[in-house]
Amino acid sequence: MPGMVMFGRRWAIGSDDFVFPGAFELFIRLIWWIGILVLYSIHKGQFNCAGGALLHSYLLVLLILLAAIICALCSILYVSMQGTISNPGPRKSLPKLLYLRLALFLPELVWAVVGAIWVSDRRVNCEGAMISAIFGTVIASWIIIIFTVVAIVIVFDPLGGRKTVYLPDCANRDLESSQSGQLFYNVKKSATRVWEKRIRLMCCCIVQDDDHRVAFTTIAELFRTYFSDTDLVPSDVAAGLTLLHQEQDKVENCPKEPEEIITQSPLTPVADDLDAELENAAHYMKFAVATYGWAYYIMANPFTGLCKLKGDCCRSSPTETDIIGSDRLNMNFGAILKITGLQYRDFIHISFHNKIYEIPFYIALDHKKEAIVVAVRGTLSFEDVLTDLSADCENLTLEDVLENGFVHKGITQAANYIYRRLINDGILNQAFTIAPEYKLVVVGHSLGGGTASILAIMLKNAFPNVRCYAFSPPGGLLSKSLADYTKQFIISVIVGKDVVPRLSMPNMEDLKRRIIRIVANCNRPKYQILLHGCWYEVFGGEPDNFPTELDGDDSPLSSPAQYPHLFLPGRIIHIVEESSTRRWCSSDVKYTASWSKETAFGNILISPKMITDHMPDIVLKALNSLAQENAPCISCRAQGDFSTNIV
């Protein structure tokens, strides 16, 4: 922060990012230099073999070259350790040292070629140990050169030559002139094109059509807008995240005032039905995780899963089950059967078809709860990721809805696809023909949870008693009016510090401002921040004592929001880990659950569990644990109600 400028362009690396790679290379070079010095000292005066004269000269020059490289690395390492992230002044001499270090690669390359020629010369008749040592030296030289080239490619910024036009400042420039306006437009267009190329490269293995091209452009615009007003390099972000994690832990461990506890206590609109909803959620989560098919089943049963599924591979699917899409060896359907515990005849329709905005789902009869269940799969493919990242807002137009509002574009298009399949293809009519007295329940996890929520809104008019259970749904999903409307029929379940329900464009903007502010206020060098951060993440301990981001709260970085606020759907059950008892090969975790407000997920929490808390197996484990704890209470309450009815 900012990115280092060399050869007249900006690079995606800071001048304080050479501490760890410099120290590693310095360690390798020192061992290498000492080894060559020992080798030369032992064999001094014994270079009378064929090719010995060239070997003598080779070792002497190599010792001098390595000494020069070691001196250059020491200087780079020392200078890179100076200053702080936001104060690169003490490191202003680093580019000159890097020019010197890069210049030393030329003689090293030449000498590596000379060594390779000497080793491959069959006329050389020196000791085997000497030849092996030179061969190792040549290999080491080429490895370091190749890794250096790869590193240069990685930190190359395609827009580095255009960074002279810093986008946030462009608004304050005189853009009345056509020249300035055209320059600003060209910079934005180039940035969008670069992001689009990156996305295309990442998705090179999937067939690309018009929908993909539109999605690539939309996502590229989103990334360009988000990253255009910052000059952070990846290591700055890593340092900012570890500082934020420690700061959040400090705030979390601080005792709260009684008033603060009261104002932040969970909302309990219908406290009595929490246990019942947890039992329902635990039951329907099985249907949600089953949509992941064999991938989830083998992850949950790593030693026996594949063998159990192979037993069903040769069985043919019954003709009465409508299956769309590819399911090689019947593995996905076999996993769905085992996870849900249903029979072949209980499935009305299964779709494994997967494209952008078109995600797999199935419809099944749940006789235990007397429900027709529509289960939607979460993210499991590149196409699903593109659907997730199509995060523009669009209007949801529905008749007789309380108030139309904004929704997540990609997820809404996925819900539209399933809605058309259910209604236009008569799939739901077929299900209700078989079980007319059953209720309709829509479930899904992650992307599937968001899609299930919007699908339930679309189905609400035709099926007034529809219910939806959204497990770990994306945060930027519904505008406030729609979120309030869905409290009647949607339950969202979130575990711990799961990052996905907190993901929205306003929250991402807030995270970016927090990172910039906290790294600007921190007076520690980056390498110290990262070292302490790694130790803290792995071994725990006390958070570092650094200035908090609140010290600069009047910063001009607090700009107005660029994106509309979107919220989680329905009423929210938040499950947190209360205590954990670790054993030799397992751990017992105790969970607690409470109703929560959508505002409780208004910022992203940095934690090692921000990803693991989103995993479907963790969500299912937490729900099963709570359901088992609450089972006696639910049965006692049911018996009490039964006794009251008899009286």
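Residues numbered from 1 in each chain as written. Predicted model: local features only at pLDDT ≥ 70, side-chain atom pairs only at ≥ 80, totals over all residues. Heavy atoms only, no water.

Engineer: It is not clear to me how helix α5 (residues 128-155) should be interpreted in this structure. Could you clarify?
Structural biologist: Since there are 3.6 residues in each turn of an α-helix, residues three or four apart along the chain are aligned in direction. Helix length check: α5 (28 residues) gives 41 Å between terminal C-alpha atoms against 40 Å at 1.5 Å per residue, within 8%. Inspection of α5 places Met-130, Ile-134, Thr-137, Val-138, Ser-141, Ile-144, Ile-145 and Val-155 among the buried residues, and these make up the whole buried set. Contacts made by the buried residues of α5 are with α1 (19-42), α2 (52-80) and α4 (105-120). (Helix = DSSP H or I, 4+ residues; strand = E, 2+ residues; numbered from the N terminus. Expected span 1.5 Å × (residues − 1). Buried < 20%, exposed > 50% of the residue type's maximum accessible area, 1.4 Å probe, protein only. Contact = heavy atoms within 4.5 Å.)

Engineer: Please clarify how the pattern of salt bridges should be interpreted in this entry.
Structural biologist: Pairs may arise between side chains of opposite charge once their charged atoms sit close together. Applying the stated criterion across every chain yields a total of 25 salt bridges. Two residues, Asp-425 and Arg-421, come together in a salt bridge whose shortest N-O distance is 2.9 Å. The buried category is assigned to Arg-421, whose relative accessible area is 13%. Between Glu-598 and Lys-487 there is a salt bridge, with the nearest N and O atoms lying 3.2 Å from each other. In this pair, Glu-598 sits in the loop between β13 (587-596) and α22 (609-612) while Lys-487 sits in the loop between α19 (480-485) and β11 (490-495), placing the two residues 111 residues apart along the sequence. The network of salt bridges with common partners includes Asp-16, Asp-17, Arg-91, Asp-236 and Lys-526. (Salt bridge = Lys/Arg side-chain N within 4 Å of Asp/Glu carboxyl O.)

Engineer: When you look at the packing of α2 against α4 in this model, what are you seeing that I'm missing?
Structural biologist: A pair of packed helices is captured by two measures, namely the crossing angle of their axes and the spacing between those axes. Direction vectors running N to C along α2 and α4 enclose 150°, while the axes themselves pass 11 Å from each other. Accordingly, the angle class assigned to the pair α2 and α4 is roughly antiparallel. With respect to the hand of their crossing, α2 and α4 are arranged in left-handed fashion. For the pair formed by α2 and α4, the contact residues are Leu-54, Leu-55, Ser-57, Tyr-58, Val-61, Leu-62, Leu-65 and Ile-69 on the first element and Pro-107, Glu-108, Trp-111, Val-114, Gly-115 and Trp-118 on the second. By residue class, the composition of the contact of α2 with α4 is 11 nonpolar, two polar and one charged. (Axes fitted to C-alpha atoms, helices over the stretch in contact; angles between N-to-C directions. Parallel < 35°, antiparallel > 145°, perpendicular 65-115°, else oblique. Left-handed = near helix turned anticlockwise from the far one by under 90°. Nonpolar A, V, L, I, M, F, W, Y, C, P; charged D, E, K, R; others polar.)

Engineer: Please clarify how the pairing of β11 should be interpreted in this entry.
Structural biologist: Along any regular strand the residues' side chains alternate between the sheet's two faces. Most of β11 sits inside the fold, with six of its six residues counted as buried. Neither face of β11 is exposed, since Ile-490, Ser-492 and Ile-494 on one face and Ile-491, Val-493 and Val-495 on the opposite face are all buried. Pairing between strand β10 (residues 467-471) and β11: four bridges, direction parallel. Directly across from Phe-471, in β11, lies its bridge partner Val-493. Note on the crossover from β10 through α19 to β11: the handedness is right-handed. (Pairing = 2+ DSSP bridges. Right-handed = clockwise from strand over helix to strand, strands pointing away.)

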